[in-house]
2 protein chains.
Amino acid sequence: MSDSELETPATPAPDEAEDRLDEDDRLRPDFVRRVLERVQAGDADGARELVDPLHPADIADLFEIVDRDERQALAAAIADLLDAEVFSEMNDWVREELIDALEPHEIADIAGQLETDDAVAIIEDMEEDDQRAVLRALDPDDRAAIEEALTFPEESAGRLMQRDLIAVPEHWNVGQVIDYLRSGEGLATDFWEVFVVDPQHHPVGTVQLSWILRTARHIAMADLMQREQTLIPVDMDQEEVALRFQKYALISAAVVDQAGRLVGMITVDDVVHIIQEEAGEDVLLLSGAGEGDINEPIRDSYRARVRWLIANLGTALVASFIIALFGAAIEEMVALAVLMPIVASIGGNAGTQTMAVAVRALAMNQLTRSNTWRTIGREIRLALLNGATIAVLIGFGAGLVFSNPALGAVIAAAMLINIAIAGLAGVAVPVLLERLKQDPAVASSVFVTMITDSMGFLAFLGLAVASGLAG
Amino acid sequence: MSDSELETPATPAPDEAEDRLDEDDRLRPDFVRRVLERVQAGDADGARELVDPLHPADIADLFEIVDRDERQALAAAIADLLDAEVFSEMNDWVREELIDALEPHEIADIAGQLETDDAVAIIEDMEEDDQRAVLRALDPDDRAAIEEALTFPEESAGRLMQRDLIAVPEHWNVGQVIDYLRSGEGLATDFWEVFVVDPQHHPVGTVQLSWILRTARHIAMADLMQREQTLIPVDMDQEEVALRFQKYALISAAVVDQAGRLVGMITVDDVVHIIQEEAGEDVLLLSGAGEGDINEPIRDSYRARVRWLIANLGTALVASFIIALFGAAIEEMVALAVLMPIVASIGGNAGTQTMAVAVRALAMNQLTRSNTWRTIGREIRLALLNGATIAVLIGFGAGLVFSNPALGAVIAAAMLINIAIAGLAGVAVPVLLERLKQDPAVASSVFVTMITDSMGFLAFLGLAVASGLAG
């Protein structure tokens, strides 16, 4: 054994890797600085030497981390390390920037090395002219595969799938499959399941590679395969695909066309980043931050965000209009102006809590038509509990500070009313938007904020006037 | 081929499955109702007949969807369909409720059928007495594995890993590995990679099953294996584990103890739901909704949410205090009371946008020490653009409506100042919290809201007084 141990160079010594990556697996700032110093000094060999041991995912991170104006120089210095895999790991915006600086034949070289789905991801965002130039420079086979993928809608299973897969007839036995895999030139190398198909190329079952390896050669695939499988229609939205992978704990899945024929395969590693993105985008959408990518050009971020700020200006005007109705009461009793933002602010917070829960539950298919009313009832009960707690606190507090028990009673009642309304709106608005086939994460905030702001001011100032406290 | 086709029962006809699941793969409300009607009518056979064709993940969904008081009756009716796999797919709260009603030996039966990580997930939340009773009722092997897993911290790789894996010495060739897999009794059946280890059981490489299947029997594993692999320390936090799986597109990974010995394996299907949860929890944490699970008992949800509402009450009081300083100005010019919530509300919204972007970027390791200043600069530039746009709109609007250009100028200036501050706070607060080893998603909101509310009122009312407009 000592021989083979000598032959096995250990993975890079820990202290070496620690030089580049911190304990959270992120590139160290001083490592990044050292690379950039060599690039700026024109020492391309030195920069390459530093970057070479990095995993492609880390090289991609390096490009994301450095300033925009340093990316092209870095790309030029370490050009031969900037391979297809690095591009496929890279943030969309950063990749687009680097790709823009390349010639069509260089892009075609990179795309040709990638699996179809990764090549499509690079090519789909290009200008049409550039796209055509790249496609012309590609191998006919790669070109056909990419052109076909581009015919499917963006963010659909057809764009996500790869065409390289292993499909065998059901009458084959394990031995035949192994011999086929060993002999086959140009067959896929990275796959996790073998698909069993009928003569019309319809999938009829799937066999995990571990089952093939654990089974004697004479056993038929038909006896080994699992017949129940999740088939992905080629036009299914990628978010749906991600939910299926998660729900059924899939490693790979067959993609079928409208006639039910096997046309491709999606593997879990292509789905993981979609699961991540889709789950993480709710917080960005709810806040009105658009795609919310720190590498997005400022002009795009500005457009995405200012829209929602202007919408928020509209809802704030509604609230202001309500306050204006009570101008006389405020002039008479300025304490109303002092306290009114509390009612609106806490109502808004309570509404946001409920809304966040509802939006997540909708996204994860946990809140469905079957339990909508139960969930609404649950959120209202919760809102009444929260409302009662806050009402008691603010009621006593305001009553004492202003030596005015009636004012305390009014703000307590307004608080309870507004938190209850917030609870109802927080779940009802997202559910309604979903029924109307809108993304509940996108527009819920504007409506819920408008409701909690307006109702907060209306309840507080209205009760103050109605109770004869002021106005 | 027609013969084998006859032998192959097609997957359930589409219209049959459509009877149970809607186009988004969720259980249909009328199907759920039919099941419950049979349960309530005491027709256990009828209920079982309906539920039987469902995938375990859908049976788990069924329990999540029905009301709390119907779950035990449903569980009793379809007890023999309620197997280990269903439990492992089930929401934590719902599972706990059902488990509470079972005897220790019934729980032990279920746990014994599961992979270690799923069994641990069921047992780890039980009361200590019940836990001991279940452990006593388990097979000694299962018991040892689960007890060992329970010694690792919650949410660590040690709890997530399974012990069943395939490890072979590097001098073996492909043929030996296949013979070993075929002969081996009690070996794992579901695995995606074979780990190659040295005599001290340190992992030295990994081989995808597809490579084994595509390679001739005489080739040595040492020549086939990929030496670079991502090793997961047994005490690594599950969020870190999920980030590694995503970054390096892993299907499975070796878990090593402190001496670097292979002790377990984590597969991507166990990580996918963590990626989903961790990415999705930011929106819940930022809104102060705790775990935000619609199946969580109301008492727990109340505790989680009311804490943040009380914290928000504190920050609202700070804002009120600032307004109170300007009581005289408001009495003189009630338009200030009408307009002041606009400045605070839009500032709050702008702060939330920036905060959401910063929190996501931190969670995805995109915002690191290397690009903190660049990102802060980016957000401030964005804030100035947004602020200028909103300032012009509200400035002209307010100036016209109140026929008071000075008032328009004051609110425009206050708006610009508050949005700029919101941009700075929205990125600086999460970054600072992370440097202090706090979860930026948990506490950022309270601080950012306090800053944008207070600064909004202070800038607007303060400028109104300083410019001689009022007070």
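Residues numbered from 1 in each chain as written. Chains lettered and ligands numbered in written order. Predicted model: local features only at pLDDT ≥ 70, side-chain atom pairs only at ≥ 80, totals over all residues. Heavy atoms only, no water.

**Things to note about the overall build of chain A**
Stage number 1. A count of helices and strands for chain A gives 24 helices and six strands.
Stage number 2. Summarising its shape, the C-alpha atoms of chain A cover approximately 90 × 65 × 55 Å along the three principal directions.
Stage number 3. For chain A, the proportion of its 471 residues judged to be buried stands at 58%.
Stage number 4. Sequence separation of at least 24 residues holds for 65% of the intrachain contacts in chain A that already meet a minimum separation of 6.
Stage number 5. As presented, chain A carries roughly 19400 Å² of accessible surface, and 53% of it is formed by carbon and sulfur atoms.
Stage number 6. Counting 33 positive and 80 negative side-chain charges, chain A places the centres of these two groups 7 Å from one another. (Helix = DSSP H or I, 4+ residues; strand = E, 2+ residues; numbered from the N terminus. Buried < 20%, exposed > 50% of the residue type's maximum accessible area, 1.4 Å probe, protein only. Contact = heavy atoms within 4.5 Å. Areas by Shrake-Rupley, 256 points an atom, 1.4 Å probe, with all protein chains shown as cover. Lys, Arg positive; Asp, Glu negative; His and termini not counted. Charge placed at Lys NZ, Arg CZ, Asp CG, Glu CD.)

**Remarks on the packing of helix α10 (residues 116-123) of chain B against helix α12 (residues 140-150) of chain B**
Residues and elements named next belong to chain B.
Stage number 1. The contact between α10 and α12 brings their axes to 10 Å, and the two run at 65°. With respect to their mutual orientation, α10 and α12 come out roughly perpendicular. The interaxial crossing formed by α10 with α12 has right-handed handedness. In this structure, α10 uses Thr116, Ala119, Val120 and Ile123 to contact α12, whose residues at the interface are Ala145, Ile146, Ala149 and Leu150.
Stage number 2. For the contact of α10 with α12, the per-class residue count stands at seven nonpolar, one polar and no charged. (Axes fitted to C-alpha atoms, helices over the stretch in contact; angles between N-to-C directions. Parallel < 35°, antiparallel > 145°, perpendicular 65-115°, else oblique. Left-handed = near helix turned anticlockwise from the far one by under 90°. Nonpolar A, V, L, I, M, F, W, Y, C, P; charged D, E, K, R; others polar.)

**Let's talk about the pairing of strand β5 (residues 252-256) of chain B**
Residue and element names in this part refer to chain B.
Stage number 1. Of all five residues that make up β5, five are buried, and the element is covered over most of its length.
Stage number 2. By the alternation rule, side chains of β5 split into Ser252, Ala254 and Val256 and Ala253 and Val255, which are all buried.
Stage number 3. As judged from the two bridges shared by strand β4 (residues 232-233) and β5, these two strands associate in the parallel manner. Paired with Pro233 across the bridge in β5 is Val256.
Stage number 4. Pairing between β5 and strand β6 (residues 262-267): five bridges, direction antiparallel. Across the sheet, Val256 pairs through a bridge with Leu262, a residue of β6.
Stage number 5. Taken together, β5 and the strand that follows it, β6, pair antiparallel across an intervening segment of five residues, in which Gly260 is found at a positive phi of about 80°. (Pairing = 2+ DSSP bridges.)

**Considering the UniProt feature "transmembrane region" (unreviewed entry) in chain A**
All names here are of chain A.
Stage number 1. The residues that UniProt annotates with the feature "transmembrane region" (unreviewed entry) are residues 308-330, 336-362, 383-403, 409-433 and 445-470.
Stage number 2. Between the C-alpha atoms that bound residues 383-403 the distance is 28 Å, and the span itself is 90% helix and 0% strand.
Stage number 3. Secondary structure across residues 409-433 comprises 100% helix and 0% strand; the distance between its end C-alpha atoms is 36 Å. (UniProt positions renumbered as here; feature names shortened; annotations may be inferred.)

**So, the packing of aromatic side chains**
All names here are of chain A.
Stage number 1. Taken as a whole, this structure holds two aromatic pairs over all chains when the rule is applied.
Stage number 2. A centroid spacing of 5.3 Å and a plane angle of 75° characterise the contact between Trp172 and Tyr180, whose relative ring orientation is edge-to-face.
Stage number 3. Exposure remark for Trp172: the relative accessible area of 19% places this residue in the buried category.
Stage number 4. Residue classification places Tyr180 among the partly exposed positions, given a relative accessible area of 28%. (Phe/Tyr/Trp six-rings, centres within 6.5 Å; stacked < 30°, edge-to-face > 60°.)

**What about the sheet that holds β6 of chain B?**
Stage number 1. Spatial ordering of the open sheet is given by β4-β5-β6 (chain B), a layout of three strands whose pairing is mixed. Two strands bound the open sheet, and with one partner strand each, they are β4 and β6 of chain B.

**A closer look at the nonpolar core**
Stage number 1. Ranked by internal contacts, the top residues of the largest apolar core, which has 138 residues, are Phe63 and Ile266 of chain A together with Phe63 and Ile266 of chain B.
Stage number 2. Residue contacts for Ile266 of chain B: discarding those within four places in its chain leaves Ala157, Leu160, Met161, Ile232, Val241, Phe245, Ile251, Ser252, Ala253, Val255 and Val271 of chain B.
Stage number 3. With 84 residues, the next largest nonpolar core counts Ala335 and Leu407 of chain A together with Ala344 and Ala350 of chain B among its residues. (Core = buried A, V, L, I, M, F, W, Y, C linked by side-chain atoms within 4.5 Å.)

**What to know about the UniProt feature "domain: CBS" (unreviewed entry) in chain A**
Residues and elements named next belong to chain A.
Stage number 1. UniProt's entry tags residues 161-224 and 225-283 with the feature "domain: CBS" (unreviewed entry), counted in the numbering of this structure.
Stage number 2. The distance from the first to the last C-alpha atom of residues 161-224 is 25 Å, and the span holds 30% helix and 22% strand.
Stage number 3. Helix makes up 44% of residues 225-283 and strand 22%, whereas the separation of the span's terminal C-alpha atoms amounts to 41 Å.

**Some thoughts on the side chain of Ser287 of chain A**
Stage number 1. Tracing the backbone through its elements, the reader meets Ser287 of chain A in helix α18 (residues 268-287).
Stage number 2. Setting aside anything within four residues of it in sequence, one finds Ser287 of chain A in contact with Asn349, Thr352, Gln353 and Ala356 of chain B.

**Examining the confidence of the model for chain A**
Stage number 1. Summary statistics for chain A give a mean pLDDT of 89 and a share of 96% for residues scoring 70 or more.
Stage number 2. Low pLDDT (under 50) marks residues 1-15 of chain A, which in the prediction has 14 contacts with non-local residues, meaning those over four places away or in another chain. (pLDDT = per-residue confidence, 0-100.)

**As for the environment of Thr375 of chain A**
Stage number 1. Note on placement: Thr375 of chain A falls in helix α22 (residues 372-401).
Stage number 2. Thr375 of chain A gets classed as buried once you look at its relative accessible area, which sits at 4%.
Stage number 3. The spatial distance from the C-alpha of Thr375 of chain A to the C-alpha of Ile294 of chain A is 35 Å, given a sequence separation of 81 residues.
Stage number 4. The contact partners of Thr375 of chain A, leaving out residues within four places of it in the chain, are Leu367 and Val427 of chain A together with Ile294 of chain B.
Stage number 5. Within the structure, the side chain of Thr375 of chain A is placed 2.7 Å from the backbone oxygen of Asn371 of chain A, a separation counted as a polar contact. (Polar contact = N/O pair within 3.5 Å; in protein donor to acceptor, adjacent residues only side chain to side chain.)

**Focus: a negative patch on the surface**
Stage number 1. On the surface, Asp125, Glu154, Glu155, Asp237, Glu239, Glu277, Glu291 and Asp439 of chain B cluster together to form a negatively charged patch.
Stage number 2. Looking at Glu239 of chain B, the relative accessible area reads 32%, which means it is partly exposed. (Patch = residues over 30% accessible without salt bridge, like charges linked within 9 Å, V, L, I, M, F, W, Y side chains within 5 Å. Salt bridge = Lys/Arg side-chain N within 4 Å of Asp/Glu carboxyl O.)

**A look at the sheet that holds strand β1 (residues 167-169) of chain B**
Residues and elements named next belong to chain B.
Stage number 1. Taking strand neighbours across the sheet as the criterion, the three strands line up as β1-β2-β3 in an open arrangement whose pairing is mixed. Either end of the sheet is taken by a strand with one partner, and the two such strands are β1 and β3 (203-208). If you compare each strand with its neighbour and ignore which way they point, the axes differ by 35° on average.

**What about unusual backbone geometry?**
Stage number 1. If you check the backbone angles, Ala249 of chain A has positive phi at about 50° while not being a glycine.
Stage number 2. Positionally, Ala249 of chain A belongs in the loop between α17 (238-247) and β5 (252-256).
Stage number 3. Positioned with a positive phi, Glu155 of chain B is a non-glycine residue whose angle comes to about 60°.
Stage number 4. Tracing the backbone through its elements, the reader meets Glu155 of chain B in the loop between α12 and α13 (157-160).

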